[in-house]
Amino acid sequence: MAETTPNHTQTVSGWAAHDSSGNITPYTFKRRENGVNDVSIEILYCGICHTDIHYVKNEWGITRYPVVPGHEIVGVVSKVGREVKGFKEGDRVGVGCLAATCLECEYCKSDQENYCDKLEFTYNGVFWDGSITYGGYSKMLVADYRYVVHVPENLPMDATAPLLCAGVTVFSPLKDHGLVESRGKSIGIVGLGGLGHVAVKFAKAFGHHVTVISTSPSKEVEAKERLGADHFIVSSNPKQMQGAKRSLDFILDTVSAEHSLLPLLELLKVNGTLFIVGAPDKPFQLPAFPLIFGKRSIKGGIIGGIKETQEMLDVCGKHNITCDIELITPDRINEALQRLANNDVRYRFVIDIGAATSNN
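What counts and what doesn't
Residues numbered from 1 in each chain as written. Predicted model: local features only at pLDDT ≥ 70, side-chain atom pairs only at ≥ 80, totals over all residues. Heavy atoms only, no water. UniProt positions renumbered as here; feature names shortened; annotations may be inferred. Helix = DSSP H or I, 4+ residues; strand = E, 2+ residues; numbered from the N terminus. Salt bridge = Lys/Arg side-chain N within 4 Å of Asp/Glu carboxyl O. Buried < 20%, exposed > 50% of the residue type's maximum accessible area, 1.4 Å probe, protein only. Pairing = 2+ DSSP bridges. Axes fitted to C-alpha atoms, helices over the stretch in contact; angles between N-to-C directions. Contact = heavy atoms within 4.5 Å. Patch = residues over 30% accessible without salt bridge, like charges linked within 9 Å, V, L, I, M, F, W, Y side chains within 5 Å. Areas by Shrake-Rupley, 256 points an atom, 1.4 Å probe, with all protein chains shown as cover. Core = buried A, V, L, I, M, F, W, Y, C linked by side-chain atoms within 4.5 Å. Domains from an automatic or database assignment. Buried area = accessible area lost by both parts, 1.4 Å probe. Nonpolar A, V, L, I, M, F, W, Y, C, P; charged D, E, K, R; others polar. Parallel < 35°, antiparallel > 145°, perpendicular 65-115°, else oblique.

### With respect to the UniProt feature "domain: Enoyl reductase (ER)" (unreviewed entry) in the protein chain
Right, on to step 1. Sequence positions flagged by UniProt for "domain: Enoyl reductase (ER)" (unreviewed entry) are, in local numbering, residues 19-351.
Right, on to step 2. Span residues 19-351 is 24% helix and 26% strand, its end C-alpha atoms 21 Å apart.

### Topic: the pattern of salt bridges
Right, on to step 1. Tallying each qualifying case throughout the model produces 20 salt bridges.
Right, on to step 2. The salt bridge partner of Glu 72 is Arg 348, with a shortest N-O separation of 2.4 Å. Linking Glu 72 in the loop between α1 (50-56) and β4 (73-80) with Arg 348 in strand β17 (residues 348-352), this pair joins segments that are 276 residues apart in sequence. In this structure, Glu 72 and Arg 348 share a single accessibility class: buried.
Right, on to step 3. The residue Glu 181 makes a salt bridge to Lys 175 at a minimum N-O spacing of 4.0 Å.
Right, on to step 4. Given a relative accessible area of 54%, Glu 181 falls into the exposed group.
Right, on to step 5. With a relative accessible area of 25%, Lys 175 lands in the partly exposed category.

### Notes on the sheet that holds strand β13 (residues 248-253)
Right, on to step 1. Spatial ordering of the open sheet is given by β12-β11-β10-β13-β14-β15, a layout of six strands whose pairing is parallel. Every interior strand has two partners, whereas the edge strands, β12 (231-234) and β15 (297-300), have only one. Each adjacent strand pair in this sheet contributes to an overall mean axis angle of 20°, direction not counted.
Right, on to step 2. Where strand β10 (residues 186-190) meets strand β11 (residues 209-214), five bridges bridge the pair, whose relative direction is parallel. Bridge pairing in β11 places Ile 189 opposite Val 212.

### Things to note about helix α4 (residues 166-176)
Right, on to step 1. Counting buried positions along α4 gives nine out of 11 residues, so the element sits mostly inside the fold.
Right, on to step 2. Among the residues making up α4, those that are buried are Ala 166, Gly 167, Val 168, Thr 169, Val 170, Phe 171, Ser 172, Pro 173 and Leu 174.
Right, on to step 3. In the core, the buried residues of α4 are packed alongside β10, α5 (196-205), β13, β14 (268-276), α10 (306-319) and β17.
Right, on to step 4. Note on α4: the residue one or two positions beyond its end, Gly 178, has a positive phi of about 70°.

### Here's the deal with the environment of Asn 37
Right, on to step 1. Tracing the backbone shows Asn 37 in the loop between β2 (24-32) and β3 (38-48).
Right, on to step 2. As for Asn 37 and Pro 287, which are separated by 250 residues in sequence, their C-alpha atoms are 48 Å apart.
Right, on to step 3. The residues touching Asn 37, leaving out its near neighbours within four places in the chain, are Glu 83, Val 84, Ala 143, Asp 144, Tyr 145 and Arg 146.

### Focus: a nonpolar patch on the surface
Right, on to step 1. Together, Tyr 107, Tyr 115 and Ile 302 give the surface a local cluster of nonpolar side chains, amounting to about 270 Å² of exposed area.
Right, on to step 2. Mapped onto the fold, Tyr 115 is located in the loop between α2 (106-109) and β7 (120-121).

### A closer look at unusual backbone geometry
Right, on to step 1. Residue Pro 66 is reached from Tyr 65 by a cis peptide bond, and omega for that bond is -5°.
Right, on to step 2. Note the cis peptide between Arg 346 and Tyr 347, where omega equals -10°.
Right, on to step 3. Its location among the elements puts Tyr 347 in the loop between α11 (333-341) and β17.
Right, on to step 4. Despite not being glycine, Arg 246 shows a phi value in the positive range, around 55°.
Right, on to step 5. By secondary structure assignment, the location of Arg 246 is in the loop between α7 (238-243) and β13.

### Observations regarding the nonpolar core
Buried together is how nonpolar side chains tend to be arranged in soluble globular proteins.
Right, on to step 1. Core analysis: the biggest nonpolar cluster contains 55 residues, and Leu 174, Val 200, Phe 202, Leu 252 and Met 312 have the highest contact counts within it.
Right, on to step 2. When residues of this core are traced back to their parent elements, those giving at least two are α4, β10, α5, β11, β12, β13 and α10.
Right, on to step 3. Structurally, this core is a two-domain feature, drawing no fewer than three residues from each of domain 1 (10-165 + 305-310 + 322-356) and domain 2 (167-300).
Right, on to step 4. Apart from the residues within four sequence positions on either side, Leu 252 is in contact with Val 170, Pro 173, Gly 188, Ile 189, Val 190, Ala 199, Phe 275 and Val 277.
Right, on to step 5. Core analysis: the next-biggest nonpolar cluster, separate from the first, contains 42 residues, Val 39, Val 84, Leu 337 and Phe 349 among them.

### Observations concerning the domain arrangement of the protein chain
Right, on to step 1. Along its sequence, the protein chain is organised into domain 1 (10-165 + 305-310 + 322-356) and domain 2 (167-300).
Right, on to step 2. Centre-to-centre, using C-alpha coordinates, domain 1 lies 28 Å away from domain 2.
Right, on to step 3. When the two sides are added together, the surface that domain 1 and domain 2 hide from each other amounts to roughly 1300 Å², 46% of it contributed by carbon and sulfur.
Right, on to step 4. Here domain 1 is connected to domain 2 by three salt bridges.
Right, on to step 5. Taken together, the residues that form the side of domain 1 that touches domain 2 break down as six nonpolar, three polar and four charged.

### Some points on the packing of α4 against α10
Right, on to step 1. For the pair α4 and α10, interaxial distance at closest approach is 10 Å and the crossing angle is 95°. As far as their axial angle goes, α10 and α4 are roughly perpendicular. Along the contact surface, α4 presents Gly 167, Val 168, Phe 171, Ser 172, Lys 175 and Asp 176, while α10 presents Glu 308, Thr 309, Glu 311, Met 312 and Val 315.
Right, on to step 2. Of the residues contributing to the contact of α4 with α10, the split by class is four nonpolar, three polar and four charged.

As C-alpha cells, this is what we get:
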C-alpha cells in the first residue's frame with residue numbers, strides 16, 4: 001500500500017484533512033494516468049456526507065491521512081480509455097462510494113458489488129494498484145468506468161450530487177421490498193435529514209402513504225407542506241405513537257443518533273419490516289416480543305450496486321427528484337462540516353468545485 005505509484009503522474013488540486021482535528025486545507029496530490037478501463041472526470045460538484053466527518057476526525061479509527069473526502073461526485077468526462085464502454089468525452093457523469101471490487105464473487109456478478117468482501121471506497125480505500133484512493137473534494141478524478149453512472153440531462157448537477165450516496169441508500173431498500181413498482185402502501189420514514197427528505201420524495205413519487213417519524217415537532221410543517229408527507233408523528237409523544245400502532249407496512253430508519261427500536265417496531269403491521277440505513281455509534285438493543293408477536297423483520301443495508309444506482313438516477317430523472325441543498329465554495333468546507341455535525345443544514349451541503357480558486 002502506498003499513497004501513489006509511478007503511474008500517478010497527474011497533479012491535482014484538492015482539499016484534505018491531515019490529522020484527527022479534521023481541519024480541511026488545500027492539498028496538492030497525484031492521480032494515476034487514465035488507463036484502458038478508466039474515465040477522467042472534471043469534477044463540478046461534490047456533496048458532503050456525514051461519513052466525511054467520521055473519516056476526517058478518524059472517529060472509526062481507520063483513517064489514512066492525508067484523507068481527501070467526497071463520494072458524491074458529479075462532473076464531465078474529459079478522457080476515455082480504449083476499453084471503456086458506454087461513456088464518451090463530454091458526458092455528464094457521477095461517482096458514488098465505490099472505487100473497486102473483485103468483479104468475480106457472487107455479489108459482483110449479481111449487481112450487488114456494494115456487498116463484495118473486497119470492495120474499496122472512493123476515498124480512504126486501497127485501489128487495485130495498491131494506491132490510496134482520494135475522493136471528490138478535488139478538481140478531477142480518474143475512475144474505472146464500471147463504477148461510473150450517467151446523470152440524466154434534465155437534472156441539475158449540483159442537486160444531483162448527494163443522490164450518489166443519500167439517494168441510492170434510501171432507494172435500494174424501497175426497491176428491494178417492491179415499493180418502487182407497487183403503490184398504496186403505508187411507509188414510515190424515521191428522521192427528516194439528508195437521507196430522510198429524499199426518502200419522502202421517493203415514497204410519494206411511488207404512490208405511497210408516507211408518515212414521517214421525528215423527535216422534532218418543528219419539522220411537521222416542512223414534512224407535510226413542502227415534502228408532501230401525509231402524516232407526522234413526534235416519536236417522543238406516547239399518545240401519537242400509541243395511536244399509530246400497527247399502521248405501517250414498512251419503516252425506513254435513517255437516524256444515526258442512538259435510539260430505541262422497540263417503539264418503531266410497534267408501529268409495524270404484522271409481517272412489517274424495519275429497514276435500517278442509519279449507523280448509530282452504539283449497538284441497538286433488539287427486543288424479541290415485538291418481533292415474534294408481529295412476525296416482523298429488521299434488516300439493514302448500505303448504498304446500492306452500480307446498476308441500481310443508475311436505475312435510481314433514471315427514476316429521479318423521470319420524477320424530477322433531486323436533493324435539497326445548500327451550495328458552498330471550497331473555502332467554507334470546514335464551516336459546513338461543523339454545521340453538519342450540529343444538524344444545521346437543509347438538507348445536504350454541496351461543494352461548488354468549479355468555484356475554486358488558487359486561494360481556496
